[in-house]
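# An overview of the molecular structure
Listed here are the chains, written in short residue letters.
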Amino acid sequence: MGNTSIQRDIQVIASLQRDLNLVTAFLLLSGQITIVGVFVIPGGFSVSLSGPIFGGSRLEGKCGNRVLNAFIDIIDVIIAILLIIDEIRLVSVVVGPGRFSVDVSGPIFGEEVNEPTLPLLRQNYNFFHQIVSNHFNIDPTLFRKLEKE
């Protein structure tokens, strides 16, 4: 597993993460998802987003209050802008019964930026190779062939 291969994989992950952020921003701006909660953690917080497209319900002001609905829409637009300018990023997906939500956070919310990494990939591969070699009778050239691919 060469260094260029790992760098290419990291670029693919970074591109996928960026695409997910842009899709999330689009869903916010189109009204398909909205802020539904805030998770407070030591030193920061993340914002939970969900809506009908994710099996949840859209957050609305009590009794259809237009001022509260406008305030929620403004928050959604601000979150979408922060996603587009890469100040916050999608950090997790929370799955519940019949619905799910996505959480976004970043330095502006007190959390570190999640950068794509594969630090454990080589370590896990070597561990797997050692376990299989120690406990199973497998031709070691098989692993060399797998490394080249």
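Residues numbered from 1 in each chain as written. Predicted model: local features only at pLDDT ≥ 70, side-chain atom pairs only at ≥ 80, totals over all residues. Heavy atoms only, no water.

One finds L28, V47, L49, I79, L83, I88 and V104 to be the most contacted residues of the largest nonpolar core, which totals 17 residues. When contributions to this core are tallied by element, the ones reaching two or more residues are α1 (3-29), β2 (44-50), α2 (66-84) and β4 (99-105). Here L83 is in contact with R18, N21, T24, A25, L28, I88, R89, L90 and V104, once residues within four sequence places are set aside. (Core = buried A, V, L, I, M, F, W, Y, C linked by side-chain atoms within 4.5 Å. Buried < 20%, exposed > 50% of the residue type's maximum accessible area, 1.4 Å probe, protein only. Helix = DSSP H or I, 4+ residues; strand = E, 2+ residues; numbered from the N terminus. Contact = heavy atoms within 4.5 Å.)

Overall, the coordinates contain 2 salt bridges when judged by the stated rule. Salt bridges sharing partners connect three or more residues here, namely R18, D86 and R89. (Salt bridge = Lys/Arg side-chain N within 4 Å of Asp/Glu carboxyl O.)

What follows covers the sheet that holds β4. Spatially, β1-β2-β4-β3 is the arrangement adopted by the 4 strands of the open sheet, whose pairing is antiparallel. Here the strands that pair on one side only, and so sit at the sheet edges, are β1 (34-41) and β3 (89-96). The sheet shows a mean angle of 30 degrees between the axes of neighbouring strands, taken without regard to direction. The strands touched by α2 within the sheet are β1, β2, β3 and β4, with β1 carrying the most contacts at an inclination of about 70 degrees. (Pairing = 2+ DSSP bridges. Axes fitted to C-alpha atoms, helices over the stretch in contact; angles between N-to-C directions.)

Quick look at unusual backbone geometry now. In this model, D86 sits at a positive phi of 65 degrees, which is unusual for a non-glycine residue. The residue D86 is located in the loop between α2 and β3 in this model. When its relative accessible area of 29% is taken as the criterion, D86 is described as partly exposed.

Let us look at α2. Look at α2: 27 Å from first C-alpha to last across 19 residues, which is about the 27 Å you get at 1.5 Å a residue. Among the residues of α2, those classed as buried are I72, D76, I79, A80, L82 and L83. Looking down the long axis of α2, one finds its buried residues gathered within 160 degrees of arc, a one-sided arrangement. Residues of α2 that are exposed and angled more than 90 degrees away from the buried face: R66 and V67. (Expected span 1.5 Å × (residues − 1). Arc of directions from axis to C-beta.)

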